[in-house]
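# Residue-level structural notes
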Amino acid sequence: DNQEEQLDKRHTEDHQQTLLNQLREVTGTTDVQLLQQALQVSNGDLAEAVAFLTEKNAKVPQQDEATYYQTAQVGNDRYISVGSQADTNVIDLTGDDKDDLQRAIALSLEESNRAFRETGITDEEQAISRVLEASIAENKASLKRTHTEVWSDSPNPHDRKRLDNCPVGLKNVGNTCWFSAVIQSLFNLLEFQRLVLHYSPPARVQDLPRNQKEHRNLPFMKELRKLFSLMVGSKRKYVDPSQAVEILKEAFKSSESQQQDVSEFTHKLLDWLEDAFQTKAEEDREGEKPKNPMVELFYGRFLAVGIHEGKKFENTEMFGQYPLQVNGFKDLHECLEAAMVEGEIESLHSAENSAKSGQEHWFTELPPVLTFELSRFEFNQALGRPEKIHNKLEFPSMLYMDRYMDRNREITRIKREEIRRLKEHLTLLQQRLERYLSYGSGPKRFPLADVLQYAMEFASSKPVCTSPVEDIDTSAPPGGTIAQQLPAPSTADQGLSGPLEGSTLAPTPQAQQRVSIHKPFTQSRLPPDLPMHPAPRHITEEELRVLESCLHRWRSEVENDTRDLQGSISRIYRTIELMYSDKTMMQVPYRLHAVLVHEGQANAGHYWAYIYDPNQNLWMKYNDISVTKSSWEELMRDSFGGYRNASAYCLMYINDKKPFLIKEEFDKETGQMLSGLDKLPPDLKEYVKEDNQLFERELEDWDSMQARKAQQEKQALAAAARAMWTPTLPQQDPEYMEQPSPTDDSKQLKDDTERAISKAAAEQDEKSPEALLGAAIKVEYTRLLRLAQEDTAPENDYRLQHVIVYFLQNQAPKKILERTLLMQFADRNLGFDERCKSIMKVALAKLDLIKPDEVNMEEYETWHQDYQNFRETTVLLMLGLEQYQKKSFVEALMYLIYAYQYNKELLTKGLYRGHDEELIAYYRRECLLKLNEYAAALFESGEEPEVNVGLNIMNDLVVPCIPLLLVDEMEEKDMVAVEDMRNRWCSYLGQEMEPNLQEKLTDFLPKLLDCSTEIKSFHDPPKLPAYSTLELCERWGHVVSSLSRTPADGR
């Protein structure tokens, strides 16, 4: 009973802290003391608490001296707010919409408060429920879509087979990338992994859970164990976490949906795990205080010491995930320093009994796994919604926590004071340096050294006077400059007639007697005796010598002063950096284990994780089903922030002196490291074996089906070959020559062959069929070799004219060439004269005499299949370019996507197997950009039908194609294009729009921001019309030659 009372008390405190968090989020007020006062005045009613705070803020002006809180509630060990400063005047309620805002907030809070009173479920739990509902609904809805999907999971199970011991990915079952990122980070903590795998539910609650928590936690632990076991021993590339997600979803009931906040989920996940292990620990204890492994692994303690209104206090608090503010800081240590010291700390350890307030936090016990929450979201009061902070924040791979430990309190205070003094001196030096680097009293300022250099250059310049009109007027007299002809500056006051008056520049007596007429274009001219460039009018050699000497000396002095200041500043920076580098302050090392990254905006985005693999000594990127090798450079680019919309929101460090956290398990008898199924307890080992057997059967069924298909194709090829080699039957063309108008191809091939025979007969003395065949083949081969070696424009691609040209350019084996040429001369359609017939019969006879071991028929068929694929790729590219030129971008996209994929496969075998990859990539990219632009314009219209059409274009065409552009990170232009498309849609988040549009956008953005690079298989490609060789060459030449008139940076 006492334990239940303690648990109830603890959850009551959790609920009170949740109310504080909720009140802080709604009002933006971070002063915990003020928030607690509001809750006390309102007796826990959030609506009244909001009214109290808004009235207080509206009536009381912002105080000059900030008010600081003592501590958060004692005993609340998970949601303590650390490092927040008081800011009690952040809500602007002075406008006309004050009452409306209060009513809206009150209604919202009343609804959530009523829900808690009726169900006992907190808003935090409801939030998790909503996203889980959305995830499951999205997953189920995806199975019911009626439109044709561009992509689907690969039907080939070999594509889903795990490679060696590569880590197993987690399938995104509908906006659950947050789940994958957190679970993978925890799974790769091997101590945590072992605790979960070897967890067994308490015996007394296996049959009937005692309360709601056990009813929720025990089934979840069961599914989490299964999930972890599959991640350890599965033969699949990725596994489905739906069962664990379903348990989470069923734990709470809600009909709403929103994108899940990962920090809340992680809090709650650790809560459930702690509760589950606590129940087990209480059963296993024998008169001793139970030890909860989750608490020992993830929770630490800190000491809060300070002064509040002149009274000293000291309290010990427990913490889990430690929150840190990002805004205004450049690295993790700055964040920690700000979080550990709040208020005017000089009064904390001074002898004076000051009334100032402030506090310090000192860690007394750090957990083995130290997790920092980076607060990258702030509430925008003007827009009424949260916004993401994209500022850059650096963090180290090795973090030394000595300076924050209570045992180092005195030495840290000394060092902080020294750093404060150095920074004050640094500020003075920077101000002095700024006076040198930004010299002047006006709005524009320049480096003083440059100003002196410019003055020196001016003083030494020689005046070269000429009239600006002289550059225009070619009729000016050649006898000297204008300055010599006219007295200066009186000519500027003379009225010149005509627009340029260039025929005679010296004023005549008639012009002087003429009445002056105002002519702005002529009277506003520069005086004709101005020099061509600025220069002194009068300066003596002595003046110039003295001035140059002074300016040169002053410039040297300024440069020396600048260098000295810069050197002093650099030394101070270095001193500050090395302040904690002595060995005594490097005894508590924490190594970075995982970085959880968010890309997107505050209310939509995608999550993935970087996790360090100590065995391979490299970083791995866990992005849903995709698990790839990465690097520290890639991690910094995606995690530090300031680049694109991606940044870290959670850092997981582990104590580097506790190797058990990531140490592999070894067999006690053999001493061998345990891996795979050997790491699992018996029940999970059987479970994984059964799943692997199911997958192996799937592989076997697929292989059997493919073998049957291959056998059927082989029999069909053999039948076709027999028909082709039989002299009495019409000769069959290869498959790539099967056209709707076969007479065109046959005629062209027949003409080429007959020309070769005629030329051979004219050059050959011996006229026997065998001799003529050999000579004709040599003539045809020579012609085709010349075509293959000729350097031509892209529109004249001779590979399309004849298969031998393609073979020659790709260095096909000699036997393949010989057999292909024999097939050409064995064509029954050659002609009806006796010479051709006799040559045809000899060619057929030679084909029959070729033994199976002389020509590898499988290789022969592969080469001809490659040529067929090349022609199909050509047709796809040609049709795609034609549609693009017609601005039919939807049709063009499908052709170009398949053309790129087929072409990429061809190019893996050789440079001349396919077409220019950059050309296809450029037009594929342009199609996607134009479709994205069109869809965005439809969305901006705000009309329901247009919006739906725009989102369908994005969901059906653009979004499924994005992984193709991201798969190769070397293609910078593709990555930039994807970023442009994402930024276009993310820009709508800060705009006012109808609620239904906001809902559609929130639902769509996670799909667009999904960074998964999994390439899924296509459905059936577009059906291609057939073209004769002549028609294909003509259309190809026409479309490619027109590209030269189209600017394309991708070409």
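Bear in mind that the values here come from a model prediction, so they are computed numbers and not experimental data.

### Some thoughts on the overall build of the protein chain
Helix and strand counts for the protein chain stand at 32 helices and 18 strands. Among the 1051 residues that make up the protein chain, the fraction classed as buried is 47%. Accessible surface computed for the protein chain: about 53,900 Å², of which carbon and sulfur atoms make up 51%.

### A word on the side chain of S229
Position of S229 relative to the elements: it lies in helix α8 (residues 212–233). From its side chain, S229 meets the backbone oxygen of K226 in a polar contact 2.6 Å long.

### Points about helix α6 (residues 177–187)
Taking burial as the measure, the eleven residues of α6 include eleven buried ones, the bulk of the element. Residues of α6 that are buried: C177, W178, F179, S180, A181, V182, I183, Q184, S185, L186 and F187.

### Some details on the nonpolar core
General note: in soluble globular proteins, nonpolar side chains tend to be found buried as a group. In this structure, F807, F825, L893 and W985 are the most contacted members of the largest nonpolar core, which totals 102 residues. Apart from residues lying up to four places away in sequence, F807 is in contact with A812, I816, L817, T820, W863, H864 and Y867. Membership of the second largest hydrophobic core comes to 61 residues, among which are W178, M294, A594 and Y622.

### Focus: helix α25 (residues 834–849)
Between its terminal C-alpha atoms α25 stretches 23 Å, which fits the 22 Å expected from 16 residues at 1.5 Å a residue. Those residues of α25 not exposed but buried are C836, I839, M840, V842, A843, L844 and L847.

### Focus on the packing of helix α26 (residues 857–885) against helix α27 (residues 889–907)
It is the contact of α26 with α27, at a shortest axis distance of 8 Å, that shows an interaxial angle of 150 degrees. Here α26 lies roughly antiparallel to α27, going by the angle between them. Once α26 is placed against α27, the crossing between them reads as left-handed. Judged by residue contacts, D866, N869, F870, T873, L876, L877, L879, G880, L881, Q883 and Y884 of α26 engage F889, E891, A892, Y895, L896, Y898, A899, Y902, N903 and L906 from α27. Partitioning the contact of α26 with α27 into residue classes produces 14 nonpolar, five polar and two charged.

### Digging into the pattern of salt bridges
Under the counting rule described, the total for this entry stands at 38 salt bridges. Among the salt bridges present, the one from R236 reaches D691, with a minimum N-O distance of 3.0 Å. You can see R236 sitting in the loop between α8 and β3 (238–239) and its partner D691 sitting in helix α20 (residues 682–725), a full 455 residues away along the chain. Neither residue differs from the other here; R236 and D691 are each classed as buried.

### A look at the environment of Y922
Relative to the assigned elements, Y922 resides in helix α28 (residues 917–941). A relative accessible area of 9% places Y922 in the buried class. Once the C-alpha coordinates of Y922 and K973 are considered, the two residues, 51 residues apart in sequence, prove to be 8.7 Å apart.

### Overview of the side chain of S639
Tracing the sequence through the fold places S639 in helix α19 (residues 632–639). If near-sequence neighbours (up to four positions away) are discounted, S639 is found in contact with R376, F395, V595, V597, Y610, S647 and A648.

### A few points about the packing of aromatic side chains
Taken as a whole and assessed by the stated rule, the structure comprises 31 aromatic pairs. Judged by centre distance (4.8 Å) and plane angle (75 degrees), the rings of F395 and F640 are edge-to-face. Note that F395 is positioned in the loop between β11 (385–388) and β12 (398–400) and F640 in the loop between α19 and β17 (646–655), a separation of 245 residues in sequence. You can call F395 buried: its relative accessible area is 4%. Taken together, F302, F319, Y322, F363, F372 and Y653 form an aromatic cluster joined through their ring pairs. Across from the ring centre of Y860, 5.3 Å away, lies the NZ or CZ of R819, which sits over that ring. Over the aromatic face of Y900 sits the side chain of R924, whose NZ or CZ is 3.8 Å from the ring centroid.

### A word on unusual backbone geometry
A positive phi angle is found at D164, which is not glycine, with a value near 50 degrees. Checked against the element boundaries, D164 lands in the loop between β1 (151–152) and β2 (169–170). The phi dihedral of D624 falls on the positive side, at around 55 degrees, and the residue is not glycine. By relative accessible area, D624 is classed as buried at 5%.

### Thoughts on the pairing of strand β9 (residues 369–375)
Burial analysis of β9 places six of its seven residues in the buried class, the great majority of the element. Looking at chain direction, strand β6 (residues 322–325) and β9 are connected through four bridges and run parallel. What sits directly across from L324, in β9, is L374. The pairing of β9 with β17 spans five bridges and is antiparallel. Paired with L370 across the two strands is Y653, which belongs to β17.

### Description of the confidence of the model for the protein chain
Averaged over the protein chain, the pLDDT score is 75; the fraction of residues at 70 or greater is 69%. Counting contacts from residues 114–121, a segment whose pLDDT is below 50, to residues more than four positions away or on other chains yields nine contacts.

### Structural notes on the packing of α26 against α28
Contact geometry of α26 with α28 gives a least axis separation of 11 Å together with a crossing angle of 40 degrees. Here α26 is positioned oblique relative to α28, judged by the angle of their axes. The chirality of how α26 crosses α28 is left-handed. Within the contact between the two elements, α26 uses L877, L881 and Y884 and α28 uses I920, Y923, E926, C927 and K930.

### Digging into the environment of T820
Counting through the fold element by element, T820 comes out in helix α24 (residues 814–825). Since its relative accessible area comes to 7%, T820 is described here as buried. Note: C-alpha distance between T820 and Y860 (40 residues apart in sequence) is 8.8 Å. Beyond its immediate sequence surroundings of up to four residues, T820 is in contact with V803, I804, F807, Y860 and H864.

### Re the environment of R925
Tracing the sequence through the fold places R925 in helix α28. On a C-alpha basis, the gap between R925 and C961 in space is 9.8 Å, while along the polypeptide they are 36 residues apart. A distance of 2.7 Å separates a polar atom in the side chain of R925 from a polar atom in the side chain of D974.

Each value, and the rule that gives it
Residues numbered from 1 in each chain as written. Predicted model: local features only at pLDDT ≥ 70, side-chain atom pairs only at ≥ 80, totals over all residues. Heavy atoms only, no water. Helix = DSSP H or I, 4+ residues; strand = E, 2+ residues; numbered from the N terminus. Buried < 20%, exposed > 50% of the residue type's maximum accessible area, 1.4 Å probe, protein only. Areas by Shrake-Rupley, 256 points an atom, 1.4 Å probe, with all protein chains shown as cover. Polar contact = N/O pair within 3.5 Å; in protein donor to acceptor, adjacent residues only side chain to side chain. Core = buried A, V, L, I, M, F, W, Y, C linked by side-chain atoms within 4.5 Å. Contact = heavy atoms within 4.5 Å. Expected span 1.5 Å × (residues − 1). Axes fitted to C-alpha atoms, helices over the stretch in contact; angles between N-to-C directions. Parallel < 35°, antiparallel > 145°, perpendicular 65-115°, else oblique. Left-handed = near helix turned anticlockwise from the far one by under 90°. Nonpolar A, V, L, I, M, F, W, Y, C, P; charged D, E, K, R; others polar. Salt bridge = Lys/Arg side-chain N within 4 Å of Asp/Glu carboxyl O. Phe/Tyr/Trp six-rings, centres within 6.5 Å; stacked < 30°, edge-to-face > 60°. Lys NZ or Arg CZ within 6 Å of the ring centre and 35° of its normal. Pairing = 2+ DSSP bridges. pLDDT = per-residue confidence, 0-100.

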